[in-house]
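So the chains spell out like this:
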Amino acid sequence: MSDHSKQKREARIRRHRRVRKKVRGTAERPRLAVFRSNRHITAQVIDDRSGRTLAAASTVEADLRDGAATVAGATRVGERLAARAVEAGVTTVVFDRGGFIYHGRVAALAEGARKGGLEL
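These notes cover the structure that comes with them.

1. Thoughts on the side chain of threonine 59
And step 1. As for its position among the elements, threonine 59 is in the loop between strand S3 (52-58) and helix H2 (71-87).
And step 2. Looking at threonine 59, the relative accessible area reads 0%, which means it is buried.
And step 3. A distance of 3.1 Å separates the side chain of threonine 59 from the backbone nitrogen of isoleucine 41, its partner in a polar contact.
And step 4. Apart from the residues within four sequence positions on either side, threonine 59 is in contact with Arg39, His40, Ile41, Leu64, Arg65, Ala68, Gly73 and Val77.

Structure, rendered in structure tokens:
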């Protein structure tokens, strides 16, 4: 890994730690955690008190793979995650952007989750 890549990754991890000091997921309002890579985007609804993942969706899944690294793909992941979360009995979540800026694919995932019925 080059020095520039390493510095960018460490900066994102620092931002994530700073966000996570304030953002906690509970059973009533779990945390919607987002991870974005160059190829894929993954989201989980997590109850931090019990340490359980209540719902998850990702572009790694076979039917969400086309256009995985696009805004449209992220929107589909958000909608799928919202459907699974509502099925698990979750209607409101706290958004954890994972140190990524709220723009592009991360924002599209949040919009898809809102469209799917989650309150962020």
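2. A word on the environment of threonine 75
And step 1. Note on placement: threonine 75 falls in helix H2.
And step 2. Relative accessible area serves as the criterion here: at 18%, threonine 75 is assigned to the buried category.
And step 3. Spatially, the C-alpha atoms of threonine 75 and arginine 29 are 21 Å apart, while their sequence positions differ by 46 residues.
And step 4. Excluding its chain neighbours within four sequence positions, the residues that come into contact with threonine 75 are Ala108, Gly112 and Lys115.

3. What about the packing of aromatic side chains?
And step 1. The full count for this structure, using the stated rule, is two aromatic pairs.
And step 2. Ring geometry for phenylalanine 35 versus phenylalanine 100: centroids 6.0 Å apart, planes at 70°, classification edge-to-face. With phenylalanine 35 in strand S1 (residues 31-36) and phenylalanine 100 in the loop between strand S4 (94-96) and helix H3 (105-115), this pair connects stretches of sequence that are 65 residues apart.
And step 3. Note on phenylalanine 35: relative accessible area 42%, which makes it partly exposed.
And step 4. With a centroid separation of 5.9 Å and 85° between ring planes, the pair formed by phenylalanine 95 and tyrosine 102 is classed as edge-to-face.
And step 5. Residue tyrosine 102 is classed as partly exposed on the basis of its relative accessible area of 41%.

4. Structural notes on the nonpolar core
And step 1. Leu32, Val34, Val45, Leu81, Leu109 and Leu118 are the most contacted members of the largest nonpolar core, which totals 23 residues.
And step 2. Those elements giving two or more residues to this core turn out to be S1, strand S2 (41-47), S3, H2 and H3.
And step 3. Non-local contacts of valine 34, meaning those with residues more than four positions away in its chain, are made with Ile41, Thr42, Phe95, Asp96, Arg97, Gly98, Phe100, Val106 and Leu109.

5. Topic: the environment of glycine 51
And step 1. Here glycine 51 is to be found in the loop between S2 and S3.
And step 2. The exposure class assigned to glycine 51 is exposed, which follows from its relative accessible area of 60%.
And step 3. Sequence separation between glycine 51 and threonine 26 is 25 residues; the distance between their C-alpha atoms is 9.6 Å.

Conventions adopted
Residues numbered from 1 in each chain as written. Predicted model: local features only at pLDDT ≥ 70, side-chain atom pairs only at ≥ 80, totals over all residues. Heavy atoms only, no water. Helix = DSSP H or I, 4+ residues; strand = E, 2+ residues; numbered from the N terminus. Buried < 20%, exposed > 50% of the residue type's maximum accessible area, 1.4 Å probe, protein only. Polar contact = N/O pair within 3.5 Å; in protein donor to acceptor, adjacent residues only side chain to side chain. Contact = heavy atoms within 4.5 Å. Phe/Tyr/Trp six-rings, centres within 6.5 Å; stacked < 30°, edge-to-face > 60°. Core = buried A, V, L, I, M, F, W, Y, C linked by side-chain atoms within 4.5 Å.

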